[in-house]
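Summary of the model geometry
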Amino acid sequence: MDIALIIIMCLLLAAYYIFKAGDVFAPWTITTAIWLAIVVLFQFQGDLLYPLGQQFHTCLILWLPIFCASSLITYYVFPKAGQPGQVKVEIPEINNLVFTTLYVISMVITPLYLYKIMKVVMMFDSADMLNNIRILAVFGDESYGFLNYSYVLNQVLIVVGLWRYPRIPLWQLITIILAGMMSAFAIMEKGLIFFLFSAVMFILYEKRVIKLRSIAVSVVSIVVIFFLINAIREYTADSEADGSEGTTFLDFFAIYVLSPSVAFERVQEDLTPQFGSHTFQTVYLFLNRFGGDYEQNIKLQEFVWVPLPTNVYTVFQPFFEDFKYKGVAFFALVYGFVTGWAYRQMRNGSGLGKCLYVYAVYVLTLQFYQENIMMSIVQVIQFIFFTWLITQQRWGVKWA
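**Here's the deal with the overall build of the chain**
Within the chain one finds 15 helices and two strands. Taken across its 400 residues, the chain has 50% of its residues classed as buried. At a minimum sequence separation of 6, the contacts of the chain that also span at least 24 residues come to 78%. Working note: accessible area of the chain is about 19,600 Å², and carbon and sulfur atoms make up 67% of it.

Put into C-alpha coordinates, the structure is as follows:
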(Lines give C-alpha, C1' and ligand atoms only; values in the text may rest on other atoms or scores of the structure.)
Protein backbone atom coordinates (compact mmCIF):
# COMPACT_ATOMS: atom_id res chain seq x y z
CA MET A 1 0.00 0.00 0.00
CA ASP A 2 2.73 2.48 0.99
CA ILE A 3 4.80 1.80 -2.12
CA ALA A 4 1.74 2.26 -4.34
CA LEU A 5 0.95 5.59 -2.63
CA ILE A 6 4.55 6.75 -3.07
CA ILE A 7 4.44 5.97 -6.79
CA ILE A 8 1.08 7.69 -7.26
CA MET A 9 2.17 10.84 -5.39
CA CYS A 10 5.45 10.98 -7.33
CA LEU A 11 3.46 10.80 -10.57
CA LEU A 12 1.16 13.58 -9.35
CA LEU A 13 4.10 15.86 -8.57
CA ALA A 14 5.61 15.09 -11.97
CA ALA A 15 2.28 15.92 -13.67
CA TYR A 16 2.06 19.27 -11.86
CA TYR A 17 5.55 20.12 -13.06
CA ILE A 18 5.02 18.97 -16.65
CA PHE A 19 1.76 20.86 -17.05
CA LYS A 20 3.07 23.87 -15.09
CA ALA A 21 0.14 23.72 -12.67
CA GLY A 22 1.15 26.42 -10.20
CA ASP A 23 4.48 26.31 -8.39
CA VAL A 24 6.01 24.55 -5.37
CA PHE A 25 3.74 26.50 -3.02
CA ALA A 26 0.51 25.73 -4.87
CA PRO A 27 -1.98 24.00 -2.50
CA TRP A 28 -2.02 20.77 -4.51
CA THR A 29 1.79 20.68 -4.61
CA ILE A 30 2.18 21.29 -0.87
CA THR A 31 -0.41 18.66 0.01
CA THR A 32 1.04 16.00 -2.28
CA ALA A 33 4.61 16.73 -1.18
CA ILE A 34 3.77 16.70 2.53
CA TRP A 35 2.03 13.34 2.45
CA LEU A 36 4.66 11.90 0.13
CA ALA A 37 7.35 12.91 2.63
CA ILE A 38 5.43 11.34 5.52
CA VAL A 39 4.87 8.02 3.75
CA VAL A 40 8.49 7.88 2.52
CA LEU A 41 9.91 8.68 5.97
CA PHE A 42 7.91 5.81 7.42
CA GLN A 43 9.94 3.44 5.27
CA PHE A 44 13.04 4.42 7.26
CA GLN A 45 11.72 4.86 10.81
CA GLY A 46 12.52 1.29 11.79
CA ASP A 47 10.61 0.13 14.86
CA LEU A 48 10.25 3.49 16.61
CA LEU A 49 6.53 3.57 15.79
CA TYR A 50 3.75 1.16 14.95
CA PRO A 51 3.08 0.78 11.20
CA LEU A 52 0.50 2.87 9.38
CA GLY A 53 -2.95 1.30 9.35
CA GLN A 54 -5.93 0.92 7.07
CA GLN A 55 -7.88 3.81 8.58
CA PHE A 56 -5.08 6.27 7.78
CA HIS A 57 -4.57 4.87 4.29
CA THR A 58 -8.29 5.10 3.49
CA CYS A 59 -8.50 8.72 4.64
CA LEU A 60 -5.37 9.67 2.71
CA ILE A 61 -6.72 8.02 -0.44
CA LEU A 62 -9.91 10.07 -0.01
CA TRP A 63 -8.23 13.34 1.00
CA LEU A 64 -5.48 13.62 -1.60
CA PRO A 65 -7.39 13.32 -4.90
CA ILE A 66 -10.47 15.24 -3.69
CA PHE A 67 -8.38 18.07 -2.26
CA CYS A 68 -6.11 18.33 -5.30
CA ALA A 69 -8.99 18.17 -7.78
CA SER A 70 -11.11 20.77 -5.98
CA SER A 71 -8.21 23.18 -5.46
CA LEU A 72 -7.09 22.87 -9.08
CA ILE A 73 -10.61 23.34 -10.43
CA THR A 74 -11.25 26.32 -8.16
CA TYR A 75 -7.96 27.95 -9.12
CA TYR A 76 -8.61 27.66 -12.86
CA VAL A 77 -12.32 28.51 -12.71
CA PHE A 78 -11.77 31.88 -11.02
CA PRO A 79 -10.68 34.50 -13.56
CA LYS A 80 -7.13 35.74 -13.92
CA ALA A 81 -6.21 39.37 -13.44
CA GLY A 82 -3.23 41.41 -14.60
CA GLN A 83 -0.78 40.76 -17.39
CA PRO A 84 0.12 37.13 -18.20
CA GLY A 85 3.48 36.20 -16.73
CA GLN A 86 3.68 39.36 -14.62
CA VAL A 87 5.33 38.75 -11.27
CA LYS A 88 4.04 40.82 -8.37
CA VAL A 89 6.40 40.51 -5.45
CA GLU A 90 4.67 42.73 -2.92
CA ILE A 91 1.19 43.60 -1.78
CA PRO A 92 -0.48 46.74 -3.12
CA GLU A 93 -0.70 49.90 -1.05
CA ILE A 94 -1.96 49.36 2.49
CA ASN A 95 -3.84 51.60 4.88
CA ASN A 96 -0.85 53.09 6.71
CA LEU A 97 -3.01 54.58 9.46
CA VAL A 98 -4.50 51.20 10.35
CA PHE A 99 -1.13 49.44 10.08
CA THR A 100 0.55 51.99 12.35
CA THR A 101 -2.32 51.89 14.84
CA LEU A 102 -2.22 48.09 15.09
CA TYR A 103 1.58 48.21 15.30
CA VAL A 104 1.46 50.60 18.28
CA ILE A 105 -1.22 48.50 19.96
CA SER A 106 0.89 45.37 19.50
CA MET A 107 4.00 47.03 20.90
CA VAL A 108 2.02 47.96 24.01
CA ILE A 109 -0.07 44.85 24.68
CA THR A 110 2.53 42.19 23.82
CA PRO A 111 4.91 43.10 26.68
CA LEU A 112 1.91 43.52 28.99
CA TYR A 113 0.62 40.09 28.00
CA LEU A 114 4.01 38.53 28.73
CA TYR A 115 4.25 40.44 32.03
CA LYS A 116 0.83 39.20 33.16
CA ILE A 117 1.76 35.60 32.43
CA MET A 118 5.17 35.86 34.06
CA LYS A 119 3.58 37.45 37.12
CA VAL A 120 1.45 34.33 37.60
CA VAL A 121 4.21 31.86 36.72
CA MET A 122 6.76 33.41 39.09
CA MET A 123 4.44 32.64 41.99
CA PHE A 124 5.58 29.04 41.61
CA ASP A 125 8.98 27.35 41.42
CA SER A 126 11.20 29.48 39.17
CA ALA A 127 13.42 26.47 38.43
CA ASP A 128 10.52 24.99 36.46
CA MET A 129 9.45 28.30 34.91
CA LEU A 130 9.31 27.29 31.25
CA ASN A 131 7.28 24.18 31.92
CA ASN A 132 4.93 26.17 34.15
CA ILE A 133 4.37 28.71 31.36
CA ARG A 134 3.17 25.92 29.08
CA ILE A 135 0.99 24.37 31.79
CA LEU A 136 -0.64 27.76 32.41
CA ALA A 137 -1.28 28.24 28.67
CA VAL A 138 -2.92 24.81 28.31
CA PHE A 139 -4.81 24.42 31.59
CA GLY A 140 -5.10 27.96 32.90
CA ASP A 141 -8.52 29.61 32.95
CA GLU A 142 -7.22 33.16 33.30
CA SER A 143 -8.58 35.73 30.87
CA TYR A 144 -6.36 38.62 29.85
CA GLY A 145 -9.03 40.47 27.91
CA PHE A 146 -7.78 42.55 25.01
CA LEU A 147 -4.21 41.43 25.70
CA ASN A 148 -5.11 38.04 24.21
CA TYR A 149 -5.20 39.70 20.78
CA SER A 150 -1.42 40.13 20.81
CA TYR A 151 -0.95 36.66 19.29
CA VAL A 152 -3.09 37.18 16.18
CA LEU A 153 -2.09 40.85 15.82
CA ASN A 154 1.54 39.84 15.63
CA GLN A 155 0.71 37.19 13.04
CA VAL A 156 -0.98 39.81 10.86
CA LEU A 157 1.79 42.39 11.30
CA ILE A 158 4.47 39.80 10.50
CA VAL A 159 2.79 38.85 7.22
CA VAL A 160 2.04 42.42 6.10
CA GLY A 161 5.48 43.63 7.21
CA LEU A 162 7.29 40.90 5.29
CA TRP A 163 5.30 41.59 2.13
CA ARG A 164 5.81 45.36 2.38
CA TYR A 165 9.51 45.38 3.23
CA PRO A 166 11.57 47.42 2.24
CA ARG A 167 8.70 49.92 2.09
CA ILE A 168 8.54 49.73 5.85
CA PRO A 169 11.73 50.40 7.87
CA LEU A 170 13.91 47.46 8.85
CA TRP A 171 13.75 48.45 12.52
CA GLN A 172 9.97 48.25 12.42
CA LEU A 173 10.01 44.80 10.85
CA ILE A 174 12.52 43.62 13.46
CA THR A 175 10.35 44.88 16.33
CA ILE A 176 7.33 43.12 14.83
CA ILE A 177 9.24 39.85 14.65
CA LEU A 178 10.51 40.30 18.21
CA ALA A 179 6.95 40.93 19.40
CA GLY A 180 5.89 37.72 17.67
CA MET A 181 8.66 35.84 19.46
CA MET A 182 7.49 37.32 22.76
CA SER A 183 3.95 36.08 22.07
CA ALA A 184 5.32 32.62 21.35
CA PHE A 185 7.38 32.65 24.55
CA ALA A 186 4.38 33.84 26.57
CA ILE A 187 2.65 30.50 25.97
CA MET A 188 5.73 28.39 25.10
CA GLU A 189 4.08 27.62 21.78
CA LYS A 190 6.06 26.47 18.76
CA GLY A 191 3.13 27.21 16.44
CA LEU A 192 3.85 30.93 16.12
CA ILE A 193 7.54 30.24 15.52
CA PHE A 194 6.61 27.84 12.73
CA PHE A 195 4.16 30.41 11.37
CA LEU A 196 6.95 32.99 11.28
CA PHE A 197 9.27 30.48 9.63
CA SER A 198 6.78 29.43 6.95
CA ALA A 199 5.84 33.07 6.27
CA VAL A 200 9.49 34.11 5.83
CA MET A 201 10.27 31.14 3.58
CA PHE A 202 7.20 31.59 1.41
CA ILE A 203 7.43 35.36 1.01
CA LEU A 204 11.18 35.37 0.37
CA TYR A 205 10.69 32.65 -2.23
CA GLU A 206 7.92 34.64 -3.88
CA LYS A 207 10.21 37.68 -3.92
CA ARG A 208 12.94 35.58 -5.58
CA VAL A 209 15.30 36.20 -2.66
CA ILE A 210 15.87 32.53 -1.85
CA LYS A 211 15.68 29.23 -3.73
CA LEU A 212 14.42 25.79 -2.82
CA ARG A 213 17.78 24.61 -1.47
CA SER A 214 17.75 27.49 1.02
CA ILE A 215 14.30 26.37 2.17
CA ALA A 216 15.55 22.79 2.58
CA VAL A 217 18.48 23.90 4.75
CA SER A 218 16.15 26.13 6.76
CA VAL A 219 13.70 23.27 7.36
CA VAL A 220 16.50 21.19 8.90
CA SER A 221 17.51 24.16 11.04
CA ILE A 222 13.99 24.81 12.32
CA VAL A 223 13.56 21.13 13.24
CA VAL A 224 16.73 21.37 15.34
CA ILE A 225 15.52 24.62 16.93
CA PHE A 226 12.17 23.04 17.79
CA PHE A 227 13.99 20.09 19.35
CA LEU A 228 16.06 22.43 21.50
CA ILE A 229 12.93 24.36 22.57
CA ASN A 230 11.26 21.11 23.50
CA ALA A 231 14.34 19.93 25.40
CA ILE A 232 14.51 23.20 27.36
CA ARG A 233 10.80 22.99 28.16
CA GLU A 234 11.18 19.43 29.43
CA TYR A 235 14.26 20.19 31.51
CA THR A 236 13.12 20.55 35.10
CA ALA A 237 14.70 20.58 38.50
CA ASP A 238 13.31 17.10 39.15
CA SER A 239 14.89 15.59 36.02
CA GLU A 240 18.18 17.21 36.94
CA ALA A 241 18.01 15.70 40.41
CA ASP A 242 17.20 12.14 39.43
CA GLY A 243 19.34 12.11 36.28
CA SER A 244 16.50 11.03 33.99
CA GLU A 245 17.08 11.33 30.28
CA GLY A 246 14.99 13.64 28.16
CA THR A 247 13.59 13.03 24.72
CA THR A 248 16.19 12.08 22.14
CA PHE A 249 16.25 13.73 18.73
CA LEU A 250 14.94 10.58 17.02
CA ASP A 251 12.11 10.35 19.53
CA PHE A 252 11.32 14.04 19.04
CA PHE A 253 11.27 13.66 15.27
CA ALA A 254 9.06 10.59 15.49
CA ILE A 255 6.66 12.21 17.99
CA TYR A 256 6.14 15.50 16.16
CA VAL A 257 6.43 14.43 12.52
CA LEU A 258 5.45 10.78 12.15
CA SER A 259 3.41 9.84 15.20
CA PRO A 260 0.21 11.78 14.29
CA SER A 261 -0.41 9.47 11.33
CA VAL A 262 -0.07 6.39 13.55
CA ALA A 263 -2.07 7.98 16.37
CA PHE A 264 -4.92 8.58 13.93
CA GLU A 265 -5.48 4.81 13.94
CA ARG A 266 -6.64 5.20 17.57
CA VAL A 267 -9.29 7.77 16.61
CA GLN A 268 -12.84 6.46 16.69
CA GLU A 269 -16.13 7.90 15.56
CA ASP A 270 -17.82 9.90 18.30
CA LEU A 271 -21.39 8.63 18.65
CA THR A 272 -22.67 11.67 20.53
CA PRO A 273 -25.89 13.07 18.99
CA GLN A 274 -24.44 16.60 18.97
CA PHE A 275 -23.69 17.62 15.37
CA GLY A 276 -19.97 18.10 14.65
CA SER A 277 -18.96 18.36 18.30
CA HIS A 278 -15.25 18.13 17.43
CA THR A 279 -15.19 19.99 14.13
CA PHE A 280 -17.25 22.88 15.53
CA GLN A 281 -16.01 22.75 19.11
CA THR A 282 -15.15 26.48 19.10
CA VAL A 283 -18.71 27.32 18.01
CA TYR A 284 -20.14 25.29 20.88
CA LEU A 285 -17.73 26.99 23.29
CA PHE A 286 -19.20 30.38 22.38
CA LEU A 287 -22.77 29.08 22.48
CA ASN A 288 -22.16 27.82 26.02
CA ARG A 289 -20.82 31.22 27.04
CA PHE A 290 -24.09 32.78 25.93
CA GLY A 291 -26.28 30.41 27.91
CA GLY A 292 -26.24 27.29 25.76
CA ASP A 293 -25.96 23.77 27.11
CA TYR A 294 -23.76 21.82 24.72
CA GLU A 295 -21.06 19.22 25.10
CA GLN A 296 -17.67 20.93 25.14
CA ASN A 297 -14.53 18.99 24.27
CA ILE A 298 -11.47 19.70 26.36
CA LYS A 299 -8.76 21.93 24.91
CA LEU A 300 -5.98 19.38 25.36
CA GLN A 301 -6.58 16.04 23.68
CA GLU A 302 -5.79 12.73 25.31
CA PHE A 303 -2.41 11.10 24.84
CA VAL A 304 -2.07 7.72 23.17
CA TRP A 305 0.98 5.47 22.88
CA VAL A 306 2.20 4.52 19.40
CA PRO A 307 4.38 3.39 21.30
CA LEU A 308 5.75 6.92 21.92
CA PRO A 309 3.25 9.29 23.58
CA THR A 310 1.43 11.78 21.35
CA ASN A 311 -1.82 13.75 21.36
CA VAL A 312 -2.03 15.04 17.77
CA TYR A 313 -3.88 13.09 15.08
CA THR A 314 -3.45 14.77 11.65
CA VAL A 315 -5.92 17.00 9.83
CA PHE A 316 -8.32 14.06 9.46
CA GLN A 317 -9.08 13.70 13.18
CA PRO A 318 -12.05 16.04 13.87
CA PHE A 319 -13.75 15.25 10.56
CA PHE A 320 -13.43 11.50 11.09
CA GLU A 321 -14.62 11.65 14.71
CA ASP A 322 -17.75 13.55 13.74
CA PHE A 323 -18.64 12.20 10.28
CA LYS A 324 -16.26 9.30 9.64
CA TYR A 325 -15.00 8.85 6.06
CA LYS A 326 -17.65 11.03 4.44
CA GLY A 327 -16.51 13.88 6.70
CA VAL A 328 -12.91 13.52 5.55
CA ALA A 329 -14.05 13.54 1.92
CA PHE A 330 -16.34 16.57 2.40
CA PHE A 331 -13.76 18.70 4.18
CA ALA A 332 -11.13 17.75 1.61
CA LEU A 333 -13.47 19.41 -0.86
CA VAL A 334 -13.87 22.46 1.41
CA TYR A 335 -10.14 22.76 2.05
CA GLY A 336 -9.44 22.47 -1.66
CA PHE A 337 -11.97 25.15 -2.57
CA VAL A 338 -10.75 27.63 0.06
CA THR A 339 -7.04 27.21 -0.63
CA GLY A 340 -7.51 27.12 -4.42
CA TRP A 341 -9.45 30.38 -4.22
CA ALA A 342 -6.83 31.99 -1.96
CA TYR A 343 -4.05 30.88 -4.33
CA ARG A 344 -5.88 32.43 -7.30
CA GLN A 345 -6.34 35.70 -5.40
CA MET A 346 -2.67 35.75 -4.49
CA ARG A 347 -1.62 35.14 -8.10
CA ASN A 348 -3.98 37.92 -9.17
CA GLY A 349 -2.02 40.33 -6.98
CA SER A 350 -4.67 40.97 -4.33
CA GLY A 351 -3.11 42.32 -1.13
CA LEU A 352 -5.63 40.50 1.06
CA GLY A 353 -5.23 37.36 -1.03
CA LYS A 354 -1.43 37.41 -0.68
CA CYS A 355 -1.69 37.70 3.11
CA LEU A 356 -4.38 35.04 3.44
CA TYR A 357 -2.42 32.59 1.36
CA VAL A 358 0.53 32.90 3.75
CA TYR A 359 -1.82 31.55 6.42
CA ALA A 360 -2.97 28.83 4.01
CA VAL A 361 0.65 27.74 3.47
CA TYR A 362 1.06 27.44 7.24
CA VAL A 363 -2.13 25.37 7.58
CA LEU A 364 -1.36 23.09 4.63
CA THR A 365 2.20 22.46 5.75
CA LEU A 366 0.97 21.28 9.15
CA GLN A 367 -1.84 19.04 7.88
CA PHE A 368 0.21 15.97 8.79
CA TYR A 369 0.18 17.24 12.40
CA GLN A 370 -3.27 18.62 13.22
CA GLU A 371 -6.26 20.52 11.88
CA ASN A 372 -5.75 24.30 12.05
CA ILE A 373 -8.78 25.96 10.46
CA MET A 374 -12.04 24.60 11.87
CA MET A 375 -10.61 23.97 15.33
CA SER A 376 -9.05 27.47 15.39
CA ILE A 377 -11.85 29.22 13.54
CA VAL A 378 -11.99 32.24 15.88
CA GLN A 379 -8.29 32.94 15.40
CA VAL A 380 -8.69 32.49 11.63
CA ILE A 381 -11.58 34.98 11.54
CA GLN A 382 -9.57 37.47 13.60
CA PHE A 383 -6.60 37.08 11.24
CA ILE A 384 -8.84 37.73 8.22
CA PHE A 385 -10.50 40.73 9.87
CA PHE A 386 -7.29 42.51 10.92
CA THR A 387 -5.67 41.77 7.57
CA TRP A 388 -8.71 43.16 5.77
CA LEU A 389 -8.50 46.35 7.87
CA ILE A 390 -4.87 46.90 6.88
CA THR A 391 -5.21 46.10 3.18
CA GLN A 392 -8.33 48.18 2.46
CA GLN A 393 -7.93 51.72 1.17
CA ARG A 394 -11.62 52.49 0.83
CA TRP A 395 -13.19 50.04 3.27
CA GLY A 396 -14.52 47.69 0.62
CA VAL A 397 -13.41 44.30 -0.53
CA LYS A 398 -11.94 44.56 -3.99
CA TRP A 399 -10.27 41.49 -5.41
CA ALA A 400 -7.66 41.89 -8.11
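**Details of the packing of aromatic side chains**
According to the stated counting rule, one finds 43 aromatic pairs in the structure shown. For the ring pair Tyr-359 and Phe-383, a centre distance of 4.8 Å and an interplane angle of 45° mean the geometry is tilted. Of this pair, Tyr-359 sits in helix H14 (residues 351-365) while Phe-383 sits in helix H15 (residues 377-391); the two residues are 24 residues apart in sequence, bridging distant segments of the chain. Owing to a relative accessible area of 2%, Phe-383 belongs among the buried residues under this scheme. A cation over an aromatic ring shows up here: Arg-344 above the ring of Tyr-75, its NZ or CZ 3.9 Å from the ring centre.

**Describing the nonpolar core**
Ranked by size, the top nonpolar core spans 117 residues in total, and within it Trp-35, Trp-63, Phe-202, Phe-316, Tyr-335, Tyr-357 and Ile-390 carry the most contacts. In this view, Trp-63 contacts Thr-31, Trp-35, Val-315, Phe-316, Phe-319, Val-328, Phe-331, Ala-332, Tyr-335 and Gln-367; residues no more than four positions away in its chain are not counted.

**Section: a nonpolar patch on the surface**
Judged by side-chain polarity, Val-220, Val-224, Leu-228, Phe-249 and Leu-250 come together as a nonpolar surface patch covering roughly 450 Å² of accessible area. At the level of elements, helix H9 (212-234) and helix H11 (249-263) are the ones that each hand at least two residues to the nonpolar patch. A total of three residues in the nonpolar patch trace back to one element, the largest contributor, which is H9. Relative to the helices and strands, Phe-249 is located in helix H11. The class for Phe-249 is partly exposed, based on a relative accessible area of 35%.

**Some details on helix H13 (residues 317-347)**
The terminal C-alpha atoms of H13, which comprises 31 residues, lie only 31 Å apart, well short of the 45 Å expected from a rise of 1.5 Å per residue. Gly-349 sits one or two residues past H13 and shows a positive phi near 90°.

**Considerations on the packing of helix H8 (residues 190-206) against H14**
Viewed as axis vectors pointing N to C, H8 and H14 meet at an angle of 120°, and their least axial separation amounts to 9 Å. Put simply, H8 runs oblique to H14. The way H8 lies across H14 gives a crossing that is right-handed. Seen from H8, the contacting residues are Gly-191, Phe-194, Phe-195, Ser-198, Ala-199, Phe-202 and Ile-203; seen from H14, they are Tyr-357, Val-358, Tyr-359, Val-361, Tyr-362 and Thr-365.

**Quick look at the environment of Pro-79**
Examined against the element boundaries, Pro-79 turns out to sit in the loop between helix H3 (54-77) and helix H4 (96-121). Discounting residues that sit within four places of it in the chain, Pro-79 has contacts with Arg-344 and Asn-348.

**Structural notes on the packing of H14 against H15**
Across the interface, H14 lies against H15 with an axial gap of 9 Å and an inter-helix angle of 150°. Classified by the interaxial angle, the pair formed by H14 and H15 is roughly antiparallel. As for how H14 packs across H15, the hand of that crossing is right-handed. Across the interface between the two elements, Gly-351, Leu-352, Cys-355, Leu-356 and Tyr-359 of H14 pack against Gln-379, Val-380, Phe-383, Ile-384, Thr-387, Trp-388 and Thr-391 of H15.

**Some thoughts on the side chain of Gln-274**
Positionally, Gln-274 belongs in the loop between H11 and helix H12 (281-289). You can call Gln-274 buried: its relative accessible area is 15%. Apart from residues lying up to four places away in sequence, Gln-274 is in contact with Tyr-284, Tyr-294 and Glu-295.

**Comments concerning H14**
Between the first and last C-alpha of H14 there are 22 Å, a value that for 15 residues agrees with the 21 Å anticipated at 1.5 Å per step. Buried residues dominate H14, accounting for 15 of its 15 residues. Regarding H14, its N-cap is Ser-350, as a side-chain oxygen of that residue lies 3.4 Å from the backbone nitrogen of Leu-352 further along.

**A closer look at the environment of Gln-345**
Position of Gln-345 relative to the elements: it lies in helix H13. Residues Gln-345 and Tyr-357, spaced 12 residues apart in sequence, show a C-alpha to C-alpha distance of 8.4 Å.

**Thoughts on the pattern of salt bridges**
Tallied over the entire structure, the rule returns four salt bridges. Between Asp-23 and Arg-347 there is a salt bridge whose closest N-O contact spans 2.3 Å. Placement of the pair is Asp-23 in the loop between helix H1 (2-18) and helix H2 (27-42) and Arg-347 in helix H13, with a sequence separation of 324 residues. Overall, the relative accessible area of 28% leaves Arg-347 in the partly exposed class. For Glu-93, the salt bridge goes to Arg-167, with nearest N and O atoms at 2.6 Å. Separated by 74 residues along the polypeptide, Glu-93 in the loop between H3 and H4 and Arg-167 in the loop between helix H6 (150-164) and helix H7 (170-187) bring together distant segments of the chain. A cluster of three or more residues bridged by salt bridges with shared partners is formed by Asp-23, Glu-206 and Arg-347.

Cut-offs and rules
- Residues numbered from 1 in each chain as written.
- Predicted model: local features only at pLDDT ≥ 70, side-chain atom pairs only at ≥ 80, totals over all residues.
- Heavy atoms only, no water.
- Helix = DSSP H or I, 4+ residues; strand = E, 2+ residues; numbered from the N terminus.
- Buried < 20%, exposed > 50% of the residue type's maximum accessible area, 1.4 Å probe, protein only.
- Contact = heavy atoms within 4.5 Å.
- Areas by Shrake-Rupley, 256 points an atom, 1.4 Å probe, with all protein chains shown as cover.
- Phe/Tyr/Trp six-rings, centres within 6.5 Å; stacked < 30°, edge-to-face > 60°.
- Lys NZ or Arg CZ within 6 Å of the ring centre and 35° of its normal.
- Core = buried A, V, L, I, M, F, W, Y, C linked by side-chain atoms within 4.5 Å.
- Patch = residues over 30% accessible without salt bridge, like charges linked within 9 Å, V, L, I, M, F, W, Y side chains within 5 Å.
- Salt bridge = Lys/Arg side-chain N within 4 Å of Asp/Glu carboxyl O.
- Expected span 1.5 Å × (residues − 1).
- Axes fitted to C-alpha atoms, helices over the stretch in contact; angles between N-to-C directions.
- Parallel < 35°, antiparallel > 145°, perpendicular 65-115°, else oblique.
- Left-handed = near helix turned anticlockwise from the far one by under 90°.
- Polar contact = N/O pair within 3.5 Å; in protein donor to acceptor, adjacent residues only side chain to side chain.

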